[in-house]
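Chain by chain, the residues:
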Amino acid sequence: MSLFDQKVSDLHELLHKKEITVSDLVETSYKRISEVEGKVQAFLTLDEENARNKAKALDERIGQADEKGLLFGMPIGIKDNIVTKNLRTTCASKILENFDPIYDATVMGKLHQAETVTIGKLNMDEFAMGSSTENSGFKDTRNPWNLDRVPGGSSGGSAAAVAAGEVLFSLGSDTGGSIRQPASFCGVVGMKPTYGLVSRFGLVAFASSLDQIGPVTRTVEDNAYLLKAIAGHDEMDSTSANVAVPDYVSALSGDIKGLKIAVPKEYLGEGVKEEVKQSVLDALKVLEKLGASWEEVSLPHSKYALSTYYLLSSSEASANLSRFDGVRYGYRSPDAQNLLDMYKMTREQGFGDEVKRRIMLGTFALSSGYYDAYYKKAQKVRTLIKKDFEDIFQKYDVIIGPTTPTPAFKIGENLADPMTMYVNDILTIPVNLAGVPGISVPCGFSEGLPLGLQIIGKHFDESLVYKVAHAFEQATDYHKQKPQL
Amino acid sequence: MSRISTDQVKHVANLARLAITEEEANTLTQQLDKIITFAEQLNEVDTDHVEPTSHVLEIKNVMREDVAKPGLPNEEVLKNAPEHQDGQIKVPPIIE
């Protein structure tokens, strides 16, 4: 039994009763890391000395007037595309192998205020481009439930570290499913908030109109606490929304009587594995017993989401990644004789294959003569995809479906053809295009691998999404099962 | 008919400032052709009277007060620079 088998609120109480210390929590992390990290490989950088020192400093303040908040002393892992001052931040790319940020992301500032303890930085697909963490420039992270399987991606390290008990919780980022898909594959809870709810300042940009930071946790309640801590308007991110952040935890009443659920037929269609469909139908029965009702609906433009997403996200990425030019930070090719060659050789040598492929696709889609046919067309289809969601939310409270079409696939299985890898994200991508919030919660197993239920809400209706997720979680025990490592 | 030629791929690589190899150019031609061909399914959708979406929230022209603040200290600017000299970032020759 690990301390991390308990919820944040219970650990907080134990701290206050002086039954445990912050140092105990931090040592729980590093002990577990020393036991299982050789197998799981979730981390790119550990911050042991600073974490231990911070734990000692926090322990002196337990119960004093300036000690505040439930997250005080809780050990957290951070995806390595969130910049951390004086702690190496690589985006799992060779081009940033030795990058030592001079500032903190806004979410890190908020975590410092909440006084969490950063354990280390977590592996990911390079620049968050991928669905398996196999595109990391440094290592393959493995699924704690089966070490031959991928943990999902791009926040594979964030999900695997939580599932393996290496940290209590973590932050990931989600552009097309990168929090929800690995959460589903690893049997943990992952939330992609409404676009604009969490500041993107200091999140190394992939596709700026889609990227969101969000929490990965073992329980819905912990997730709600962590989101509350990191959400809110930020003048450093002009796309962040100026809305009040509610107390999500107070919404977790378990009462979902009268809830109207929409189930898109496209989310239970072709390509979705039979056991995945069955797990969703079983979950709907659970929710019905709790007083909810559901109907089949259609999101008619779903089948265009994948194309729309790859054109838009790659276009945005090609612009965002132009900053990696070997001049101000990061890797610089030693081979170049002039500036132009320095740019080209630095980028050629510093980026991995998938990143180059997407930069190429995006540069093509934005280039003269193709802009209207590809980029602008995709932006228009995005409007229709968004409208599909708005139409459904006129009549229904939440949309429910699977998070992924299959459970975790084998390492190496989808590497040969980029398109087969992309198809993994068909159920999560529309949510990013519409900008609405979506959560993945454990809802079953197939061949010993976890499955995830995706619950999607209206813009800024995270409270209801959490309420439904929590009611489902409390009525089932999938979240209580742990991988044997 | 292929959507993109190897010459086009090389042109795009130059625009993207990537010194791709001949082998990469060939692989990327095939892969991009497949992705672009798939993406052309969007032509099925009638978008004649549809406005493009760039961001999902209706936020426009976010302004702030024009107040001067101190810039970054020189040592922080240079901290991650691959090469620097006399407080400046150094790059290879621009004009030969």
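These numbers were taken from a predicted model, which means no experiment stands behind them.

S.K.: Explain the overall build of chain B to me, using residue names and the numbers behind them.
M.R.: What chain B contains, in helices and strands, is three helices and two strands. When its helices and strands are written in sequence order, chain B yields α-α-α-β-β. Since a compact globule built from 96 residues should have a radius of gyration of about 12 Å, the 23 Å found for chain B marks it as more spread out than a globular shape. In terms of overall dimensions, chain B has a C-alpha envelope of 55 × 45 × 20 Å along the principal axes. For chain B, the proportion of its 96 residues judged to be buried stands at 30%. For chain B, the exposed surface amounts to about 7000 Å²; the carbon and sulfur share of it is 50%.

S.K.: Can you break down the layout of surface pockets residue by residue, with the values?
M.R.: Residues and elements named next belong to chain A. Each pocket or cavity is described by its volume, and for the largest pocket that value is around 770 Å³. In terms of lining, the largest pocket is formed by 24 residues, of which the most central are Phe99, Tyr103, Phe201, Arg323 and Tyr329. Residues that form the lining of the largest pocket fall into these classes: 16 nonpolar, two polar and six charged. Considering the residues around the second largest pocket, the lining is formed by 29 residues, among which Glu270, Gly271, Pro405, Val423 and Ile426 are closest to the centre. Looking at side-chain class alone, the lining of the second largest pocket contains 14 nonpolar, eight polar and seven charged residues.

S.K.: Go over the UniProt feature "domain: Amidase" (unreviewed entry) in chain A with me, naming the residues and quoting the values.
M.R.: Residues annotated by UniProt as "domain: Amidase" (unreviewed entry) correspond here to residues 24-465 of chain A. In this annotation, residues 24-465 of chain A is assigned 37% helix and 14% strand; the end-to-end C-alpha distance for the span is 33 Å.

S.K.: So what about helix α4 (residues 106-114) of chain A? Which residues, and what values?
M.R.: All names here are of chain A. Those residues of α4 that sit buried are Thr106, Val107, Met108, Leu111 and Ala114. Taken together, the buried residues of α4 touch β2 (75-79), β3 (117-122), β4 (169-174), β6 (212-217) and α7 (220-230). Count one or two residues on from α4 and you reach Glu115, which has phi positive near 65 degrees.

S.K.: Residues and numbers for the UniProt feature "active site" (unreviewed entry) in chain A, please.
M.R.: Residue and element names in this part refer to chain A. UniProt feature "active site" (unreviewed entry): in the numbering of this structure it lies at Lys79, Ser154 and Ser178. For the annotated residues, spread through 100 residues, the largest C-alpha to C-alpha distance comes to 11.0 Å, consistent with a single compact locus. Tracing the backbone through its elements, the reader meets Ser154 in the loop between β3 and α5 (156-163). The residues touching Ser154, leaving out its near neighbours within four places in the chain, are Lys79, Asn123, Met124, Asp125, Ala128, Met129, Gly130, Thr133, Ser173 and Ser178. Positionally, Ser178 belongs in the loop between β4 and α6 (180-186). Classification of Ser178 by relative accessible area gives buried; the value is 5%. Non-local contacts of Ser178, meaning those with residues more than four positions away in its chain, are made with Lys79, Ala128, Gly130, Gly153, Ser154, Ser155 and Ser173.

S.K.: Please provide a residue-by-residue account of the packing of aromatic side chains, values included.
M.R.: Residue and element names in this part refer to chain A. Counted by the stated rule, this structure contains 16 aromatic pairs over all chains. Plain terms: the ring middles of Phe127 and Phe324 are 5.0 Å apart, the flat faces sit at 50 degrees to each other, and that makes the pair tilted. One end of the pair, Phe127, is in the loop between β3 and α5; the other, Phe324, is in the loop between α9 (305-320) and α10 (339-350), with 197 residues separating them in the sequence. Take Phe127: its relative accessible area is 3%, and that puts it in the buried class. With a centroid separation of 5.5 Å and an interplanar angle of 45 degrees, the aromatic rings of Phe364 and Tyr374 are classed as tilted. Residue Phe364 is found in helix α11 (residues 353-366), and its partner Tyr374 is found in helix α12 (residues 371-395); the two are separated by ten residues along the sequence.

S.K.: Give a description of the environment of Lys386(A) that names residues and reports values.
M.R.: Mapping Lys386(A) onto the fold places it in helix α12. With 236 residues separating them along the chain, Lys386(A) and Val150(A) place their C-alpha atoms 31 Å apart. If sequence neighbours within four positions are ignored, Lys386(A) has contacts with Ala434(A), His459(A), Val56(B) and Glu58(B). A polar atom in the side chain of Lys386(A) sits 3.3 Å from the backbone oxygen of Val56(B).

S.K.: Any details on α9(A)? Residues and values, ideally.
M.R.: With 16 residues, α9(A) extends 22 Å between its outermost C-alpha atoms, agreeing within 8% with the 22 Å of an ideal straight helix rising 1.5 Å per residue. Within α9(A), 15 of the 16 residues are buried, which leaves it mostly tucked inside the rest of the structure.

S.K.: Run through the nonpolar core, naming residues and quoting values.
M.R.: Residues and elements named next belong to chain A. Formed by 166 residues in total, the largest nonpolar core has its most connected members in Phe127, Leu171, Phe389 and Ile455. Residue contributions to this core peak at nine residues, all from α12. If we ignore the near neighbours within four places in the chain, the residues touching Phe389 are Tyr267, Leu299, Ile399, Pro430, Val431, Ala434, Val436 and Ile456. Listed in part, the five residues of the second largest apolar core include Val150, Phe185, Ala408 and Met421.

Calculation criteria
Residues numbered from 1 in each chain as written. Chains lettered and ligands numbered in written order. Predicted model: local features only at pLDDT ≥ 70, side-chain atom pairs only at ≥ 80, totals over all residues. Heavy atoms only, no water. Helix = DSSP H or I, 4+ residues; strand = E, 2+ residues; numbered from the N terminus. Rg over C-alpha atoms; globule rule 2.2 N^0.38 Å. Buried < 20%, exposed > 50% of the residue type's maximum accessible area, 1.4 Å probe, protein only. Areas by Shrake-Rupley, 256 points an atom, 1.4 Å probe, with all protein chains shown as cover. 1 Å grid on protein atoms, 1.4 Å probe; cavity = no way out; pocket = protein on both sides within 12 Å on 5 of 7 lines; lining within 4 Å. Points joined across faces, edges and corners; volume = space filled by probe spheres on them. Nonpolar A, V, L, I, M, F, W, Y, C, P; charged D, E, K, R; others polar. UniProt positions renumbered as here; feature names shortened; annotations may be inferred. Contact = heavy atoms within 4.5 Å. Phe/Tyr/Trp six-rings, centres within 6.5 Å; stacked < 30°, edge-to-face > 60°. Polar contact = N/O pair within 3.5 Å; in protein donor to acceptor, adjacent residues only side chain to side chain. Expected span 1.5 Å × (residues − 1). Core = buried A, V, L, I, M, F, W, Y, C linked by side-chain atoms within 4.5 Å.

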